[in-house]
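Here is how the chains run, residue by residue.
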Amino acid sequence: MSSKIKDIKAMEILDSRGNPTVRVFMDLEDGTRVRSSVPSGASTGEYEACELRDGDKRRFGGKGVLDAVKNVNEIISPALKGADSTEQMKIDNLLNELDGTENKDKLGANAILGVSMAATKAAAKSHNLEVYEYLGGAEANRLPVPCMNILNGGEHADNSVDIQEFMAVPFGAPSFREGLRYVAETFHTLKKLLKIRGLATSVGDEGGFAPNLQSNEEAIEIIIEAIEKSGYKPGVDISIALDNAATSFVVGKKGEYDMKWSGAGKKSTDEMIEMSKQWVKKYPIILWEDPLAEEDWEGFAKFTKELGDKIEVVGDDIFVTNTKFIQRGIKEHTANASLIKLNQIGTVSETVDAVRLCYEHNWRAFVSHRSGETCDTFLADFTVAMGTGHLKSGSASRSERLAKYNRLLEIEERLGDRAKYYWK
Ligand code: PGA
Ligand code: ZN
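Throughout what follows, the structure given in this document is the object of discussion.

### Points about the packing of helix H1 (residues 66-80) against helix H3 (residues 109-126)
Inference 1: Between H1 and H3, whose axes approach to 9 Å, the crossing angle comes to 45°. On the basis of the axis angle, H1 is oblique to H3. Of the two possible hands of crossing, H1 and H3 adopt the one that is right-handed. Two secondary-structure elements touch here, H1 through Ala68, Val72, Ile76 and Leu80 and H3 through Asn110, Ala111 and Val115.
Inference 2: Its residues placed into classes, the contact of H1 with H3 shows 6 nonpolar, 1 polar and no charged.

Have a look at this one:
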């Protein structure tokens, strides 16, 4: 039986925001059939690989992906017919060659990633292996700490909170299953606390609550209260992670920020850092993503110099899962971790390279979903395969978020006694 590719077909489906995205079907000669679906971001970094959209305003306001679908069906599919699905690197190189641009502008990273993930899934299935086993080998036994985004703001919600994500991080739990329970319970307690205060309990794009609060600090304080009222110790059982997504705070020139949603007003890079230092002193913060904007490399390095020995400093928009930018970050001590999003770079091989580069330099790799998601669970298997120790996949609501957490529960159960769970 052969694991060679027999056919690839793509179609347009809708993501969790109701926007079009790409789904790819791959058939192998041995009868294996898999599908993969591509996510999509809202607060995207400038240098992310190209998400190809049709721009035809008559369909989905220009957001259709029929061109990307056509590229899979008419260009990629014939070129990859007969290629061995187990030769991931060869397939990904071929995809890049077919595209021929640096940012995957011609075929679209949405077309390319759909095929790249499908190849991994197909090769695994054809060998009767789970994706995490196929990709990570026998040593793939580390479950990630689920950083659960229980309160949403910024571009992901319509409320008065600037910080895009407030995550509960159950690093003190004994297992993934227990960790997930800790933070899911905290999510439910938070809902009760919001209700008591007469605040909205509707959710944002990633399933966290999106209430109108007086300030960003109030968000942190109410989460701490929810942790305690759920019976856990802040900073011992559960800590807090933040994603400012600060590129969305930028107003005029570099180094000028405006916390416009809360009305906290304009801040310089130094004032942003000062505020962060005070919060780290005051609150059990364990990780801070994109504290500053993607173009503020010096500010980032200053932030890391001040806080990098106390917390994990993660670059998302600034590195866009691209080894070129991560390499620069390592050289300039910009952060001590990189966010990892498959669709920012566009192939499985290049995403693996980004994680490996982080490891080689003692950086951590923080795997992430996108705010526009599907129920594809590749991300969960990828995280275990790479043993990153943490991931973020939104809140304890919205099935596209739970799909990944539930897949991790499955993997943990499958691993049995071999499953490991620890923060660092
Ligand atoms: P995005 O948000 O998917 O909208 O980019 C996630 C993040 O900023 O980490
Ligand atoms: Zn981010």
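### So, the side chain of Glu373
Inference 1: Its location among the elements puts Glu373 in the loop between strand E14 (364-368) and helix H12 (378-386).
Inference 2: Since its relative accessible area comes to 6%, Glu373 is described here as buried.
Inference 3: Beyond its immediate chain neighbours, meaning those up to four positions away, Glu373 contacts Asp15, Ser16, Pro39, Glu400, Arg401 and Lys404.

### Concerning the sheet that holds strand E3 (residues 33-37)
Inference 1: As summarised here, the arrangement of the 3 strands in space is E1-E2-E3, forming an open sheet in which the pairing is antiparallel. Pairing within the sheet leaves two strands with one partner each, and these edge strands are strand E1 (5-14) and E3. Across the sheet, the mean angle separating the axes of adjacent strands is 20° when strand polarity is ignored.
Inference 2: Note: E1 against strand E2 (residues 20-28), 9 bridges, orientation antiparallel. By the bridge assignment, Asp7 is partnered in E2 with Asp27.
Inference 3: Sitting on the sheet, H1 is in contact with E1 and E2, with an inclination near 175° to E1.
Inference 4: Across the face of the sheet, H3 comes into contact with E1, E2 and E3 while running at roughly 145° to E3.

### Some words on unusual backbone geometry
Inference 1: For Asp290, which is not a glycine, the phi torsion comes out positive at approximately 35°.
Inference 2: By the secondary structure assignment, Asp290 is in the loop between strand E11 (285-289) and helix H8 (297-307).
Inference 3: Located in the positive-phi region is Asn362, a residue other than glycine, with phi close to 65°.
Inference 4: Mapped onto the elements of the fold, Asn362 is located in the loop between helix H11 (348-360) and E14.

### Side note on the side chain of Asp162
Inference 1: Here Asp162 lies in the loop between strand E6 (148-152) and strand E7 (165-169).
Inference 2: No salt bridge is formed by the buried Asp162; its nearest oppositely charged neighbour, Lys260, is found at 7.5 Å.
Inference 3: Within the local environment of Asp162, its side chain forms a polar contact with the backbone nitrogen of Trp261, the two atoms lying 2.9 Å apart.
Inference 4: Contact partners of Asp162, with chain neighbours within four places excluded, come to Gly153, Gly154, Asn216, Asn244, Phe249, Met259, Lys260, Trp261 and Ser262.

Reading the values: rules and limits
- Residues numbered from 1 in each chain as written.
- Chains lettered and ligands numbered in written order.
- Predicted model: local features only at pLDDT ≥ 70, side-chain atom pairs only at ≥ 80, totals over all residues.
- Heavy atoms only, no water.
- Axes fitted to C-alpha atoms, helices over the stretch in contact; angles between N-to-C directions.
- Helix = DSSP H or I, 4+ residues; strand = E, 2+ residues; numbered from the N terminus.
- Parallel < 35°, antiparallel > 145°, perpendicular 65-115°, else oblique.
- Left-handed = near helix turned anticlockwise from the far one by under 90°.
- Contact = heavy atoms within 4.5 Å.
- Nonpolar A, V, L, I, M, F, W, Y, C, P; charged D, E, K, R; others polar.
- Buried < 20%, exposed > 50% of the residue type's maximum accessible area, 1.4 Å probe, protein only.
- Pairing = 2+ DSSP bridges.
- Lys, Arg positive; Asp, Glu negative; His and termini not counted.
- Salt bridge = Lys/Arg side-chain N within 4 Å of Asp/Glu carboxyl O.
- Polar contact = N/O pair within 3.5 Å; in protein donor to acceptor, adjacent residues only side chain to side chain.

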